[in-house]
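# Secondary and tertiary structure notes
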Amino acid sequence: MKILVTGGAGYIGSHCTRMLLDQGHDVVVIDNLSTGYRQAVDPRATMYELDIKNQKEVSRVLTTEHIEAVIHFAAYSLVGESMSDPIKYYDNNVYGTMCLLEAMIDANVKRIVFSSTAAVYGEHETMPITEAYEECPTNTYGATKLAMEEMMKWADIAHGVKYIALRYFNVAGAHRSGEIGEAHNPETHLIPLILQVPNGKRDFISIFGDDYDTPDGTCIRDYIDIEDLIDAHVLALDHLVNNNRSDYFNLGSGAGYSVKEMIEAARRVTNHPIPAKIGPRRAGDPARLIASSDKIIRELGWKRNYDTVESIIASAWTFHRNHREGYADE
Ligand code: UDP
């Protein structure tokens, strides 16, 4: 199949591009390189440096490249920034998706797999979170992703654009080749920050609060391996082709790990003492987020190949050891 990957130069988009190519698909990437890296894009893909808001050009690419389906990653994803600059998030995420959908309707491309987030659920008491839980985002980032899902729902009803939204929990790890991985600037995510310590780039890792109502007092998250996550996108595409039905699914591991447990696991993987210091809570962090992925396991036959946090951290470690400065090393 010929697939357009938006945001293909970003962390998740670059892994998707590579894995689709490895499976024999043709891939066209569009990315405005605002947060992504050209070096992360597999050279076998056709790359357009293009903003999804440039509807006319996107429509032209969809038509001239004979695109059959879109996988949509292009979005801003920093929760903190989304709270201080909400309009930036509505503009890029919601308006950007609006332009993309219009271009798709224009070019008669009727399938889209879309990266959504656990942040659409907001805070809930009882874990694990299933798709039946109410969507109640507590930050702008989650609100924009929910708005994008809603837009797709109505575009389906009016124009027959079929979509699958995948609601990610904490995506982590790197491609097992060690060639691509998670490189954000600035970095805000736990695993890359922990690994900066054995990499000699920071002296200790800060633990954002140890007074949560959890067994060791630190926040619990559900970490899902990047390669397992991309497998789900391929299944979602197959599902759209075979069943032509829109849907949405959670994507997580079903298991929760605390910040302290993640640091312990990283110490085992790297053989480094990784000093940690307790700091204040980070605003807006829920104590526990654990997914139920039963729906995608049951309905799409998704299964995980990497089910230990050690395996996820080890893959990230291989990437970060080889790319101490991220893609600036290349
Ligand atoms: N965290 C931490 N120290 C850091 C970065 C993150 O203690 O330097 C915690 C954060 O408070 C959260 C967990 O690690 O409980 C995962 O954070 P991350 O930003 O990776 O993902 P999020 O769950 O916010 O999407």
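My aim in this report is to walk through the structure given alongside it, one point at a time. (Residues numbered from 1 in each chain as written. Predicted model: local features only at pLDDT ≥ 70, side-chain atom pairs only at ≥ 80, totals over all residues. Heavy atoms only, no water.)

## Some points on helix H10 (residues 309–322)
Taking 1.5 Å of rise per residue, the 14 residues of H10 would be expected to cover 20 Å, and the 20 Å separating its terminal C-alpha atoms lies within 8% of that figure. Where H10 is concerned, the buried positions are Val 309, Ile 312, Ile 313, Ser 315, Ala 316, Trp 317, Phe 319 and His 320. (Helix = DSSP H or I, 4+ residues; strand = E, 2+ residues; numbered from the N terminus. Expected span 1.5 Å × (residues − 1). Buried < 20%, exposed > 50% of the residue type's maximum accessible area, 1.4 Å probe, protein only.)

## Brief notes about the pairing of strand E6 (residues 162–168)
Taken across its seven residues, E6 has seven buried, putting it largely inside the fold. Residues Lys 162, Ile 164, Leu 166 and Tyr 168 of E6 are buried on one face, and the alternating residues Tyr 163, Ala 165 and Arg 167, pointing to the opposite face, are buried as well. Bridge count for strand E5 (residues 111–117) against E6 is seven bridges, and the pairing is parallel. The partner of Phe 114 across the bridge, within E6, is Ala 165. Note: E6 against strand E11 (residues 247–251), five bridges, orientation parallel. When the sheet's bridge partners are listed, Tyr 168 is paired in E11 with Leu 251. (Pairing = 2+ DSSP bridges.)

## Some thoughts on helix H7 (residues 226–243)
For H7, with 18 residues, the first-to-last C-alpha span of 26 Å sits near the 26 Å given by 1.5 Å per residue. Where H7 begins, the side chain of Asp 225 points an oxygen toward the backbone nitrogen of Glu 227, at a separation of 2.8 Å. Two residues or fewer past H7, Asn 244 is found with a positive phi of approximately 50°. (Polar contact = N/O pair within 3.5 Å; in protein donor to acceptor, adjacent residues only side chain to side chain.)

## Remarks on the pairing of strand E8 (residues 205–208)
Side chains Ile 205 and Ile 207 of E8 all project onto a buried face; the interleaved residues Ser 206 and Phe 208 project onto a face where none is buried. Inspection of the sheet shows E8 paired to strand E13 (residues 276–279) by four bridges, in the parallel sense. Bridge pairing links Phe 208 to Gly 279 in E13.

## Digging into the environment of Val 234
When you line up the elements, Val 234 lands in helix H7. Setting aside its immediate chain neighbours within four residues, Val 234 contacts Leu 20 and Gln 23. (Contact = heavy atoms within 4.5 Å.)

## Regarding the packing of helix H1 (residues 11–22) against H7
One can describe the packing of H1 onto H7 by two numbers: an axis separation of 10 Å at closest approach and a directional angle of 65°. When you trace H1 past H7, the crossing you get is right-handed. Within the contact between the two elements, H1 uses Tyr 11, Ile 12, His 15, Cys 16, Met 19 and Leu 20 and H7 uses Ile 226, Glu 227, Leu 229, Ile 230, Asp 231 and Val 234. In terms of residue class, the contact of H1 with H7 is made up of nine nonpolar, one polar and two charged. (Axes fitted to C-alpha atoms, helices over the stretch in contact; angles between N-to-C directions. Left-handed = near helix turned anticlockwise from the far one by under 90°. Nonpolar A, V, L, I, M, F, W, Y, C, P; charged D, E, K, R; others polar.)

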